[in-house]
Amino acid sequence: MNSKNLSRRQFLAAASAGTAAVVTAGQIPAFGDAGKKGGKLAVNGGKPVRTKAWPTWPIWEKEDEERIFAVLRSGVWSRAAVVSEFEEKYAEMMGVKRCLATTNGTHALIVSLKMLGIGIGDEIIVGPYTFIATFDSIMLNGALPIFVDTDPETFMINPDKIEEKITKNTKAILPVHILGAPANMDRINAIAKKHNLKVAEDACQAWLAEWKGKKCGTLGDAGCFSFQNSKNLTCGEGGAIIGNDDEFMDRCHSFHNFGRPYGETALTLSGNIRLGTKCRMTEYQAAILLAQMQRFEQQTKIRGENAEYLTSRLKDIDCVIPMKFYEGVTRVAYHMYGLRYKKEACNNVSRKKFLSALSAEGIPSYTGYGAVNRDMWFENTLNSPNFRKVYSKAQLDRCRQANHCPENDQLCEESVWFFHNLLLGTKSDMDDIADAIEKIYENRDQLT
Ligand SMILES: Cc1ncc(COP(=O)(O)O)c(C=O)c1O
């Protein structure tokens, strides 16, 4: 075979097998960047694939500063017109009737579950591959999380395993659109309808993600979002609940404002209609969000295009499997780019060693969630005096038994994330990621 007809992968395979000696120095440039990916790994003292800095996060511009100063100078810093403007614009962007801004995503989840009527005695179906706040919102409402194992291909709650976990106590399903990709909402909504359950979406990482053209957060009874510092749309700390049901949204508004009636603008010191809490967004938070929203669609588009290109580059490298999406997914928000690292395809080099090698090549990455469902908080909460007072031992044991999620455990051992700022660059930045992975894979013998 003429070396000019070899694919880049075939060339590198041939090179690592020692047959590349047939390729003369003059032919090598035909493979473009073969030199970048061949040779000594950076972790062993070789030349890194990349030394250039990555785009940083968060990004702000003059407009963000101007909006913050306008709030400062107005002297009105707690919830008022700027928050209302943000709510209107966010609802419009999401294609939904109402939005309620909150202090953060955790509070958005707690408030919406409570106002969906969830409380002591209820069981909530949830997947384990998520941030701890998802579980906190269930148990802080006095309910029990009933875990359903993860679909390792998509990182989402496995819809095939939901129905077997439903009992007469089940009140809701809480799908999490993790890393910014939609869960299988057709299946989840059909199961919820059949069993008369509420659906609260944890869309804290899924701004503008879509299922069959409809935005995540608008597909169930309530959609919850986070604007924490790391998030694609951020103001440092912040959150939102969105929905189309006015009565539900009125209840949420009231609950997040000490239980004052929705629409009550005066600083009333009586006349409250329910127990409540206070998790109102400040004018500063809303001001930053309004500025960030100007750039958000364009940033989401760039992340999406880069991620798709990266997947096209990674899909043939044996030791990594990019996260897959259900057929109904029409847009992914890419809070993280997720993949599974298969060490058995890489001389059994551990994920830790693989990621150290990747870091040395100039590519930052994360291992992602551990098996958070098995951390101490779970047993400590089930064992707390209040939970033991209101739940029978049989109920608590059933909750413990459901917390056996081997597919999720495996995913937590294998997952690798690239943070969304890496996706804000260029196609050539994506090539750096893919080249580095390819280089490590082709030279894996250097790691063993
Ligand atoms: C999936 C998920 N749920 C809930 C939250 C909680 O949001 P926040 O940190 O804004 O309270 C986060 C964010 O951290 C999240 O990623």
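Computed from a prediction, not measured in an experiment: that's the story for all the values here.

**A look at the overall build of the protein**
And step 1. Along its length, the protein carries 15 helices and 15 strands.
And step 2. Here the C-alpha coordinates of the protein stretch approximately 85 × 60 × 35 Å along the principal axes.
And step 3. Counting over 448 residues, the protein shows a buried share of 55%.
And step 4. Within the protein, counting contacts between residues at least 6 apart in sequence, those at least 24 apart form 72% of the total.
And step 5. Total accessible area on the protein is roughly 19,400 Å²; 52% of this is exposed by carbon and sulfur atoms.
And step 6. Within the protein, the 53 negative side-chain charges are centred at a point lying 2 Å from the centre of the 56 positive side-chain charges.

**Digging into helix H9 (residues 283-314)**
And step 1. Compared with an ideal rise of 1.5 Å per residue, which puts 32 residues at 46 Å, H9 spans 43 Å between its outermost C-alpha atoms and is within 8% of the ideal.
And step 2. Bending of H9 peaks at approximately 45 degrees at the position of Arg295.

**Focus: the site of the ligand**
And step 1. Around the ligand sit 17 residues, and of these Gly105, Thr106, Gln205, Ser226 and Lys231 come closest.
And step 2. One of the side-chain nitrogen or oxygen atoms of Asp202 is found 2.8 Å away from a nitrogen atom of the ligand.
And step 3. Contact with the protein chains removes 93% of the 380 Å² of surface that the ligand exposes when unbound.
And step 4. In this structure, the ligand is accommodated by the second largest pocket.
And step 5. At the level of secondary structure, the elements contributing two or more residues to the shell around the ligand comprise helix H5 (105-115) and helix H6 (132-139).

**Let's talk about empty space enclosed by the protein**
And step 1. Summed over the entire model, instances satisfying the criterion amount to two cavities of 30 Å³ or more.
And step 2. By volume, the largest cavity is sized at about 60 Å³.
And step 3. Forming the boundary of the largest cavity are Gly127, Pro128, Tyr129, Thr150, Phe155, Met156, Ile157, Leu174, Pro175 and Val176.
And step 4. Of the residues contributing to the lining of the largest cavity, the split by class is eight nonpolar, two polar and no charged.
And step 5. By volume, the second largest cavity amounts to about 40 Å³.
And step 6. Every residue lining the second largest cavity is listed: Thr311, Pro322, Met323, Phe325, Tyr334, Met336, Tyr337 and Gly338.
And step 7. Looking at the lining of the second largest cavity element by element, the count peaks at three residues for strand S14 (residues 336-341).
And step 8. Its residues placed into classes, the lining of the second largest cavity shows six nonpolar, two polar and no charged.

Cut-offs and rules
- Residues numbered from 1 in each chain as written.
- Predicted model: local features only at pLDDT ≥ 70, side-chain atom pairs only at ≥ 80, totals over all residues.
- Heavy atoms only, no water.
- Helix = DSSP H or I, 4+ residues; strand = E, 2+ residues; numbered from the N terminus.
- Buried < 20%, exposed > 50% of the residue type's maximum accessible area, 1.4 Å probe, protein only.
- Contact = heavy atoms within 4.5 Å.
- Areas by Shrake-Rupley, 256 points an atom, 1.4 Å probe, with all protein chains shown as cover.
- Lys, Arg positive; Asp, Glu negative; His and termini not counted.
- Charge placed at Lys NZ, Arg CZ, Asp CG, Glu CD.
- Expected span 1.5 Å × (residues − 1).
- Bend = angle between axes of the 7 residues up to and from the residue.
- Near = heavy atom within 4 Å.
- Polar contact = N/O pair within 3.5 Å; in protein donor to acceptor, adjacent residues only side chain to side chain.
- 1 Å grid on protein atoms, 1.4 Å probe; cavity = no way out; pocket = protein on both sides within 12 Å on 5 of 7 lines; lining within 4 Å.
- Sits in = over half its atoms within 2 Å of the grid points.
- Points joined across faces, edges and corners; volume = space filled by probe spheres on them.
- Nonpolar A, V, L, I, M, F, W, Y, C, P; charged D, E, K, R; others polar.

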